[in-house]
Every structure is written in structure tokens, then in C-alpha cells.
Amino acid sequence: MKDYNTPFIIEFPKIGKSDLGFISIAEKENLPFVPKRIYWTYYTPEDVERGGHSHFDLQQILVAVAGKIEITTELLNGEKKSFILERPNVGLFIPKMCWRTMKYTHNAVQMCIASNEYDEKDYIRDYNVFLETK
Ligand code: T46
């Protein structure tokens, strides 16, 4: 059975071929939660690190629909991982209670498929508070 407490890569189906172009589709069979919100970030300067927070409850899937994103994750059990997203049909599932940072190429467009609506109270933005949250 899939472990939804740890980050993992999701490969979405890719239909098409290089002389015509491609389409990728996130059907419910490929999604670990029912999405409530989709948003995207772009034109992040290359010297800026985003993230630096965890969520109490929100689960997300990040996709680099363009460009390249370097992501680090850390769980409360101390497990740290690094991921590179640079294919538009590949996403990263980020579970709740997972500290993350992201760095972007300037052309990167990050689509975030989110399990909940926006709620600033769902964020933990202080790393020490994150480490103390059990
Ligand atoms: C995440 C990573 C992967 C809103 O007002 N509404 C929204 O729906 C969102 C997502 C953000 N905001 C405001 C809150 C902040 O003042 O936009 C500002 C930047 O948001 P945040 O600090 O979440 O930005 P990132 O790029 O560090 O994080 C984003 C997601 O928002 C976050 O949930 O986990 O991408």
C-alpha cells in the first residue's frame, strides 16, 4: 500500500509524440487526494529560495510545467530528500508535516495541485517550531 506520509514522484501519463506535441492528464486514479485548488508560481529569480515552511494538513503535488525546480524535503522523523523536477509529466507529492525548500530556473513555472483551500494558519514558517511539532 502507498505511504502518504513521505514524498514521492508521480509520473502522469503522456500522450503524443515529439512531432505533434504531448498532453498529460491528472485523472483521479493518478491523484492521492481530491484537489481543492491549483495555483502556479513563475519568474522566481534564481537566487531566491522559496518554501521554508511546512503545512499541518495540506498535501500538494508540484509539477515543473516549464523549466527546472530543485526541491528539498524533510520529515519530522529526520528523513531528508532532494528532488529535481524538469519534466512536465512528472510531479512530486508532498505530504502534510513536511518541511520544504524550492529553487527555480528563471523560466520555471511551478504548478501546485493542493488538497485544501488557502489557510495561513495551516503554515508552520518557523523551522524550530516545525522540529518541535510532534
Ligand atoms: C507550498 C509551496 C510548494 C495567498 O494569499 N493565497 C494562496 O493561495 C497562496 C498559495 C499564497 N498566498 C500568499 C501567502 C504569501 O504571502 O502568497 C504569498 C506567498 O505564498 P507562500 O509563502 O506559500 O509561497 P511559496 O512559494 O513559498 O510556497 C508555495 C505554496 O504557497 C506553498 O503552499 O508549499 O509553494
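The structure under discussion appears in the preceding block.
This one's a predicted model, so the numbers in the text were calculated from it and none came from an experiment.

S.K.: Residue-level account of the sheet that holds strand E11 (residues 109-114), with values.
M.R.: Reading across from one edge, E1-E9-E6-E11-E4 is the order of the five strands in this open sheet, with antiparallel pairing throughout. Because the sheet does not close on itself, it has two edges, and the strands there are strand E1 (8-11) and strand E4 (37-42). Averaged over all adjacent pairs, the angle separating strand axes in this sheet is 25 degrees, with direction ignored. Summarising the sheet, strand E6 (residues 60-66) and E11 pair through six bridges and their orientation is antiparallel. By the bridge assignment for E11, Ala 66 is matched with Val 109.

S.K.: How would you sum up the packing of aromatic side chains? Please name residues and give values.
M.R.: Taken as a whole and judged by the stated rule, the model has nine aromatic pairs. Here Phe 33 and Phe 93 contribute two aromatic rings whose centre-to-centre distance is 6.4 Å and whose plane-to-plane angle is 40 degrees, an arrangement assigned as tilted. Of this pair, Phe 33 sits in the loop between strand E3 (21-24) and E4 while Phe 93 sits in strand E9 (residues 90-94), and the two are 60 residues apart along the sequence. Owing to a relative accessible area of 9%, Phe 33 belongs among the buried residues under this scheme. Residue classification places Phe 93 among the buried residues on the basis of a relative accessible area of 0%. Ring geometry for Tyr 118 and Tyr 123: centres 6.1 Å apart, planes at 70 degrees, overall edge-to-face.

S.K.: Can you explain the sheet that holds strand E5 (residues 49-55)? Please cite residues and give values.
M.R.: Read across the open sheet, the five strands follow the order E8-E7-E10-E5-E12; overall the sheet is antiparallel. In the strand order of this sheet, the two ends are held by strand E8 (80-85) and strand E12 (123-124), each with one partner. Relative to E12, E5 is paired through two bridges, and the arrangement is antiparallel. Its bridge partner lying in E12, Ser 54 is registered against Ile 124.

S.K.: Account for the nonpolar core, naming residues and giving values.
M.R.: One finds Leu 62, Ile 69, Ile 71, Leu 85, Leu 92 and Met 102 to be the most contacted residues of the largest nonpolar core, which totals 15 residues. At the level of secondary structure, the elements contributing two or more residues to this core comprise E6, strand E7 (69-75), E8, E9 and strand E10 (98-104). Aside from chain neighbours lying at most four places away, what touches Leu 85 is Ile 9, Leu 62, Val 63, Ala 64, Gly 67, Lys 68, Ile 69, Ile 71, Val 90, Gly 91 and Leu 92. Core analysis: the second largest hydrophobic core is formed by nine residues, Phe 8, Phe 12, Phe 93 and Ile 113 among them.

S.K.: Requested: an account of unusual backbone geometry, with residues and values cited.
M.R.: A positive phi angle, close to 60 degrees, is found at Tyr 43, a residue other than glycine. Take Tyr 43: it is sitting in the loop between E4 and E5. The exposed category is assigned to Tyr 43, whose relative accessible area is 60%. Within the chain, Met 97 stands out as a residue other than glycine whose phi angle is a positive 50 degrees. Considering the arrangement of structural elements, one finds Met 97 in the loop between E9 and E10.

S.K.: Now, about the site of the ligand: what can you tell me, with residues and values included?
M.R.: Near the ligand, the surroundings consist of 14 residues, among which Arg 37, Arg 50, Gln 60, Arg 100 and Tyr 123 are the closest. One of the side-chain nitrogen or oxygen atoms of Tyr 39 is found 3.1 Å away from an oxygen atom of the ligand. If you tally residues by element for the shell around the ligand, the top one is E5, at four residues. For the shell around the ligand, the residue count by class is five nonpolar, five polar and four charged.

Reading guide: rules and limits
- Residues numbered from 1 in each chain as written.
- Predicted model: local features only at pLDDT ≥ 70, side-chain atom pairs only at ≥ 80, totals over all residues.
- Heavy atoms only, no water.
- Pairing = 2+ DSSP bridges.
- Helix = DSSP H or I, 4+ residues; strand = E, 2+ residues; numbered from the N terminus.
- Axes fitted to C-alpha atoms, helices over the stretch in contact; angles between N-to-C directions.
- Phe/Tyr/Trp six-rings, centres within 6.5 Å; stacked < 30°, edge-to-face > 60°.
- Buried < 20%, exposed > 50% of the residue type's maximum accessible area, 1.4 Å probe, protein only.
- Core = buried A, V, L, I, M, F, W, Y, C linked by side-chain atoms within 4.5 Å.
- Contact = heavy atoms within 4.5 Å.
- Near = heavy atom within 4 Å.
- Polar contact = N/O pair within 3.5 Å; in protein donor to acceptor, adjacent residues only side chain to side chain.
- Nonpolar A, V, L, I, M, F, W, Y, C, P; charged D, E, K, R; others polar.

As far as function goes, none of this settles anything; it's purely spatial.
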